[in-house]
Amino acid sequence: MTTLSSDAAVGSEGRGEAPAEVLRQHAEDAFAAELAALAAHDDRPRPERWRLSPWAVATYLLGGELPDGTVITPKYIGPRRVVEVAVTTLATDRALLLLGVPGTAKTWVSEHLAAAISGDSTLLVQGTAGTPEEAVRYGWNYAQLLAQGPSREALVPSPVMRAMADGKIARVEELTRIPADVQDSLITILSEKTLPIPELGTEAQAVRGFSLIATANDRDRGVNELSSALRRRFNTVVLPLPATLDEEVDIVTRRVNQLGRSLDLPELPGGAEEIRRVVTVFRELRDGITADGRTKVKTPSGTLSTAEAISVVTNGLALAAHFGDGVLRAADITTGIAGAVVRDPVADQAVWREYVEGVIRERDGWKDFYRAAREHSR
């Protein structure tokens, strides 16, 4: 059997430096200085082809301070053990499945794990209902295929195949959105660490360092259940929702600040107060009870995730900066909140109005929010 290797290494070296004007840099580019500082101070054992030791990878995700005073910003705010188990899984021969409801940072964690381990988060298969088997295995350059027949030159490797050849981390986003027969094409790859290529009478064998991170949730409509055979090939780590209000406020604040800088939005007065209000509303509607535990509320059909809270606040900042008076106010965020809550125009609208009239109306210090919410609910 012949082992196929990719034509060229990919990653930040192969891609070159990301232009400063790109809207969103890959993690390995955006946090290159932190990764370099960690590598310089990392004297712990590293699995083969890993850029950092498991300890340093966990530090990169959770944050910390290096001996020279370099501050590593936290990329994930949550239970430390969750990150440690995820990193340890990738240091073995097991693939990692990050499971959780929408908005629990599965994609974010997946990207940063790949960036810290391989220096390359771009070996990505985006799962959709139309994802073909070629996206997971390989495809063909049909011009060369017709001219020469099956050959190495005509073969187009998938991101997974390239990761196998280079000993890197491949990522599969929204695994449960991929058709079941395409999902199962991963079974041989994960169990035997090989990818048969019957057209060439050969196979691609994974080299050390290869692993795969998949993300999935079972709350969205249109998902495909994983077969038991495929699920056994993964070590599953569940990413929980933020445990406390303060923890979720911290997450939203950090991400909003990062997004605001990338979009050239100014830091506006009033941001901290309005972020806390958005998170409070989302948590109460998500949990079905007010923060003080006194009043039960109806829950809407949407997930009201942390990611949606980040989007609501970021949009509010843009409204305040471009069309407001430079202060983030309740009127800048209530439209976004209502849009996140009201997915069903009948049932969710009733839930939102009942919450506004039954909870917000009586809450001390929220009169401006109540007025804005009523105005935008008309």
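Residues numbered from 1 in each chain as written. Predicted model: local features only at pLDDT ≥ 70, side-chain atom pairs only at ≥ 80, totals over all residues. Heavy atoms only, no water.

Focus: the layout of surface pockets
Turning to step 1, where the next piece is worked out: Within this model, the largest pocket holds a volume of roughly 1,200 Å³.
Turning to step 2, where the next piece is worked out: Surrounding the largest pocket, 48 residues form its lining, Arg-24, Trp-108, Arg-255, Gln-258 and Leu-259 being those nearest its centre.
Turning to step 3, where the next piece is worked out: Elements with a contribution of two residues or more to the lining of the largest pocket: helix H2 (27-30), helix H6 (106-118), helix H12 (245-262) and helix H14 (306-323).
Turning to step 4, where the next piece is worked out: Looking at the lining of the largest pocket, the element that brings in the most residues is H12, giving nine residues.
Turning to step 5, where the next piece is worked out: Classifying every residue of the lining of the largest pocket gives 22 nonpolar, 14 polar and 12 charged. (1 Å grid on protein atoms, 1.4 Å probe; cavity = no way out; pocket = protein on both sides within 12 Å on 5 of 7 lines; lining within 4 Å. Points joined across faces, edges and corners; volume = space filled by probe spheres on them. Helix = DSSP H or I, 4+ residues; strand = E, 2+ residues; numbered from the N terminus. Nonpolar A, V, L, I, M, F, W, Y, C, P; charged D, E, K, R; others polar.)

Some thoughts on the packing of aromatic side chains
Turning to step 1, where the next piece is worked out: Here the structure, examined in full by the defined rule, presents four aromatic pairs.
Turning to step 2, where the next piece is worked out: Relative to Tyr-355, the ring of Trp-352 has its centre 6.1 Å away and its plane inclined at 25°; by these criteria the two rings are stacked. Placement of the pair is Trp-352 and Tyr-355 together in helix H16 (residues 347-358), with a separation of three residues, close to one helical turn.
Turning to step 3, where the next piece is worked out: Exposure remark for Trp-352: the relative accessible area of 1% places this residue in the buried category.
Turning to step 4, where the next piece is worked out: Judged by its relative accessible area of 1%, Tyr-355 is buried.
Turning to step 5, where the next piece is worked out: An angle of 55° between the planes, with centres 5.1 Å apart, marks the rings of Trp-366 and Phe-369 as tilted. (Phe/Tyr/Trp six-rings, centres within 6.5 Å; stacked < 30°, edge-to-face > 60°. Buried < 20%, exposed > 50% of the residue type's maximum accessible area, 1.4 Å probe, protein only.)

Here's the deal with the environment of Arg-277
Turning to step 1, where the next piece is worked out: Checked against the element boundaries, Arg-277 lands in helix H13 (residues 271-287).
Turning to step 2, where the next piece is worked out: Considered as a pair, Arg-277 and Gln-126 are 151 residues apart in the sequence and their alpha carbons are 33 Å apart.
Turning to step 3, where the next piece is worked out: Those residues in contact with Arg-277 that sit more than four places away from it in its chain are Ala-330, Gly-365, Trp-366, Asp-368 and Phe-369.
Turning to step 4, where the next piece is worked out: At 3.2 Å, the side chain of Arg-277 and the side chain of Glu-274 are in polar contact. (Contact = heavy atoms within 4.5 Å. Polar contact = N/O pair within 3.5 Å; in protein donor to acceptor, adjacent residues only side chain to side chain.)

With respect to the environment of Asp-166
Turning to step 1, where the next piece is worked out: Take Asp-166: it is sitting in helix H8 (residues 159-166).
Turning to step 2, where the next piece is worked out: The sequence separation of Asp-166 and Gly-209 amounts to 43 residues, and the corresponding C-alpha distance is 7.9 Å.

A word on the packing of helix H4 (residues 54-62) against helix H5 (residues 80-91)
Turning to step 1, where the next piece is worked out: The N-to-C vectors of H4 and H5 enclose an angle of 140°; their axes lie 10 Å apart at closest approach. Between H4 and H5, the crossing angle belongs to the class labelled oblique. The handedness of the crossing between H4 and H5 is right-handed. Of H5, the residues touching H4 (which contributes Pro-54, Val-57, Ala-58, Leu-61 and Leu-62) are Arg-80, Val-83 and Val-87.
Turning to step 2, where the next piece is worked out: Residues belonging to the contact of H4 with H5 are distributed by class as follows: seven nonpolar, no polar and one charged. (Axes fitted to C-alpha atoms, helices over the stretch in contact; angles between N-to-C directions. Parallel < 35°, antiparallel > 145°, perpendicular 65-115°, else oblique. Left-handed = near helix turned anticlockwise from the far one by under 90°.)

Some details on empty space enclosed by the protein
Turning to step 1, where the next piece is worked out: Tallied over the full model, the rule gives one cavity of 30 Å³ or more.
Turning to step 2, where the next piece is worked out: Considered as a void within the structure, the largest cavity measures approximately 30 Å³ in volume.
Turning to step 3, where the next piece is worked out: Lining the largest cavity we find Tyr-76, Val-82, Val-83, Ala-86, Leu-98, Val-109, Val-237 and Leu-239.
Turning to step 4, where the next piece is worked out: In terms of residue count, H5 provides more of the lining of the largest cavity than any other element does, three residues in total.
Turning to step 5, where the next piece is worked out: A class-by-class count of the residues in the lining of the largest cavity yields eight nonpolar, no polar and no charged.

What about unusual backbone geometry?
Turning to step 1, where the next piece is worked out: Even without being glycine, Glu-174 reaches a positive phi, approximately 55°.
Turning to step 2, where the next piece is worked out: Structurally, Glu-174 is set in the loop between strand S7 (169-173) and helix H9 (180-183).
Turning to step 3, where the next piece is worked out: Phi at Asp-264 takes a positive value of approximately 60°, unusual for a residue other than glycine.
Turning to step 4, where the next piece is worked out: Turning to its location among the elements, Asp-264 is positioned in the loop between H12 and H13.
Turning to step 5, where the next piece is worked out: Take Asp-264: its relative accessible area is 67%, and that puts it in the exposed class.

Notes on the pattern of salt bridges
Turning to step 1, where the next piece is worked out: The final tally for this structure, using the stated rule, is 22 salt bridges.
Turning to step 2, where the next piece is worked out: Note that Glu-248 and Arg-286 form a salt bridge whose closest N and O atoms lie 2.9 Å from each other. Separated by 38 residues along the polypeptide, Glu-248 in helix H12 and Arg-286 in helix H13 bring together distant segments of the chain.
Turning to step 3, where the next piece is worked out: The partner of Glu-274 in a salt bridge is Arg-277, and the shortest N-O contact between them spans 3.2 Å. With a gap of three residues between them, Glu-274 and Arg-277 both fall in helix H13, about one helical turn apart. Neither residue differs from the other here; Glu-274 and Arg-277 are each classed as buried.
Turning to step 4, where the next piece is worked out: One salt-bridge network, held together by shared partners, links Glu-273, Glu-274, Arg-277 and Asp-368. (Salt bridge = Lys/Arg side-chain N within 4 Å of Asp/Glu carboxyl O.)

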